[in-house]
Amino acid sequence: MASPARPLALVTGASGGIGADLARELAKGGHDLVLTARTVPAMQALADELKARGANSTVIAADLAKPGAAAELANSLDDRALRIDVLVNNAGLGGVGRFDQMDPQRVSDMVMINVLALTELTRLLVPAMVARGRGRVMLVASTASFQPGPRMAVYFATKSYVLSLGEALAYELRGTGVTVTTLCPGATATNFFKAAGANENLMPAMSASEVARVGYRALQAGRRVVITGMMNRILALGGRYGPHWVTLPATAALMSRR
Ligand SMILES: NC(=O)c1ccc[n+]([C@@H]2O[C@H](COP(=O)([O-])OP(=O)(O)OC[C@H]3O[C@@H](n4cnc5c(N)ncnc54)[C@H](OP(=O)(O)O)[C@@H]3O)[C@@H](O)[C@H]2O)c1
């Protein structure tokens, strides 16, 4: 259980990439951790590393693509009397290809993890934060949130949902003591593109540690939305306000090279 002096942060997708680095930032910032993903040995190794930095971690294995996984995770927290002060919804999955040719299971997993599990977990954990009058929530979206993305259509659509939800919740929860920060990274050097079925990432990528540093600062400041890096801010603005007759073929061409 967390010591009373250290707030407790739950990070989903904590077995690697941005999630593991967000956990490192949170530990550095004085939090204890609950780490969750499917790959337990990687999270155990991270827990050992964080212990050396003074943070206690609890590892909970969860497959967020399974129906009911968020509720099961919330029950595991209750069973262990773990009270979450900071929720980081980071777990996410991509998929590259033409929609009608994609593995239907992949499509379903993306929606389950990126949309449903994130929404359910937030709905289950936020009421206790509101009741306590304090809490922080992070939703990890993407620069993909700002436009439709042919050849990665479902992923882009799920991330648009995450940004829309995050901004609306941040507004709804004003005055409750609970902040909601939506983190929008651009291309980041993690396992993400390989897992998404892409050859490799052809965009200049930020490191996961830099993305996590930017995200953690924004979370602590209670910022509503943060886009990592100047180039990504320009890309996101272009995606949101550029004419779709330009952005649709440009995105399709970029995704076809992956
Ligand atoms: N990398 C980028 O370029 C980029 C850009 C913008 C946004 N993002 C977003 O950043 C977040 C983190 O991605 P990343 O780049 O760090 O990718 P990553 O290295 O592939 O990490 C993804 C994390 O999600 C977890 N995950 C995947 N399937 C899961 C499942 N069924 N149940 C539970 N956890 C699952 C993975 O753990 P297990 O496999 O152990 O379950 C892993 O910890 C995602 O939401 C992604 O959409 C990434």
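In this convention, every chain numbers its residues from 1, walking through the sequence in written order. With the structure being a predicted model, the display of local features is reserved for residues of pLDDT at least 70 and the display and counting of side-chain atom pairs for 80 or more, all residues being used for whole-chain, interface and lining totals. The side-chain quantities take in all heavy atoms of the structure and omit both hydrogens and water.

### Examining the pairing of strand E3 (residues 57–61)
Regular strands place their side chains on alternate faces of the sheet. One requirement defines pairing of two strands: DSSP has to find at least two bridges between them. Helical segments are the DSSP runs of H or I of at least four residues, strand segments are the runs of E of at least two, and each set is numbered from the N terminus. Of the strand pairs in this sheet, strand E2 (residues 32–37) and E3 are connected by five bridges, and their pairing is parallel. Among the inter-strand pairings, Thr 36 is bridged to a residue of E3, identified as Ile 60. Crossover handedness is defined by viewing with both strands directed away from the observer: a clockwise path from the first strand over the helix to the second marks the crossover as right-handed. What joins E2 to E3 is helix H2 (residues 40–52), and the crossover it makes is right-handed.

### Concerning the pattern of salt bridges
We define a salt bridge as a side-chain nitrogen of Lys or Arg found within 4 Å of a carboxyl oxygen belonging to Asp or Glu. Taken as a whole and judged by the stated rule, the model has twelve salt bridges. For Asp 63, the salt bridge identified is with Lys 66, shortest N-O distance 3.1 Å. Arg 98 is the salt-bridge partner of Asp 100, the closest N and O atoms lying 2.7 Å from each other. Categorising residues by exposure relies on relative accessible area from a 1.4 Å probe, with only protein chains included: less than 20% of the type maximum marks a residue as buried, more than 50% marks it as exposed, and the intermediate range marks it as partly exposed. Take Asp 100: its relative accessible area is 52%, and that puts it in the exposed class. Taking the relative accessible area as the measure of exposure, Arg 98 reaches 43% and is therefore partly exposed.

### Notes on the site of the ligand
As a matter of local geometry, the ligand sits amid 30 residues, with Arg 38, Thr 39, Asn 90, Tyr 155 and Thr 190 nearest to it. In protein, a polar contact requires one atom able to donate a hydrogen and another able to accept it; more generally it is a pair of N or O atoms within 3.5 Å, and residues adjacent in sequence count only if both atoms are side-chain atoms. Between the ligand and the protein, one listed contact pairs an oxygen atom with a side-chain N or O atom of Arg 38 at 2.7 Å. In this structure, Tyr 155 approaches the ligand through a side-chain N or O atom, which is 2.6 Å from an oxygen atom. For the accessible areas, the method is Shrake-Rupley and the probe is 1.4 Å, while residue cover comes only from the protein chains on display. Protein chains shield 93% of the accessible area of the ligand, which is 870 Å² for the free molecule. Mapped by element, the contributors of at least two residues to the shell around the ligand are helix H1 (17–28), helix H5 (153–172) and helix H6 (192–195). When residues are grouped by polarity, Ala, Val, Leu, Ile, Met, Phe, Trp, Tyr, Cys and Pro land in nonpolar, Asp, Glu, Lys and Arg in charged, and all others, Gly among them, in polar. Considered class by class, the residues forming the shell around the ligand number 15 nonpolar, twelve polar and three charged. When we say a residue is near a molecule or strand, we mean one of its heavy atoms is within 4 Å of it.

### With respect to the packing of aromatic side chains
Both the distance between ring centres and the angle between the ring planes are used here to describe each pair of aromatic rings. Pairing of aromatic rings covers Phe, Tyr and Trp, the last through its six-membered ring, and needs centres within 6.5 Å; plane angles under 30 degrees mean stacked, over 60 mean edge-to-face, and all others mean tilted. In the structure shown here, the tally under the stated rule is three aromatic pairs. Between Tyr 155 and Phe 156, the ring centres sit 6.4 Å apart and the planes meet at 80 degrees, which makes this aromatic pair edge-to-face. Judged by its relative accessible area of 8%, Tyr 155 is buried. According to the relative accessible area criterion, Phe 156 is buried, its value standing at 6%. Aromatic side chains Phe 192 and Phe 193 sit 5.1 Å apart centroid to centroid with 90 degrees between the ring planes, which places their arrangement in the edge-to-face category. Ring-pair connections join several aromatic residues into one group, and the members of that group are Tyr 155, Phe 156, Phe 192 and Phe 193.

### A closer look at the sheet that holds E3
The strands making up a sheet are joined through hydrogen bonds of the backbone, oriented either antiparallel or parallel. If you walk across this open sheet you meet the seven strands as E3-E2-E1-E4-E5-E6-E9, and the pairing is parallel. Each end of this open sheet is capped by a strand with a single partner; those strands are E3 and strand E9 (225–227). Taken over all neighbouring pairs, the strand axes of this sheet differ in orientation by 15 degrees on average, direction set aside. In what follows, residue pairs with any heavy atoms lying within 4.5 Å of each other are defined as contacts. For helices, the fitted axis covers only the stretch in contact; all axes are lines through C-alpha atoms, and the angles between them, taken along N-to-C directions, range from 0 to 180 degrees. Taken strand by strand, helix H7 (residues 208–221) contacts strand E4 (86–89), strand E5 (135–140), strand E6 (178–184) and E9, and its axis lies near 145 degrees from that of E5.

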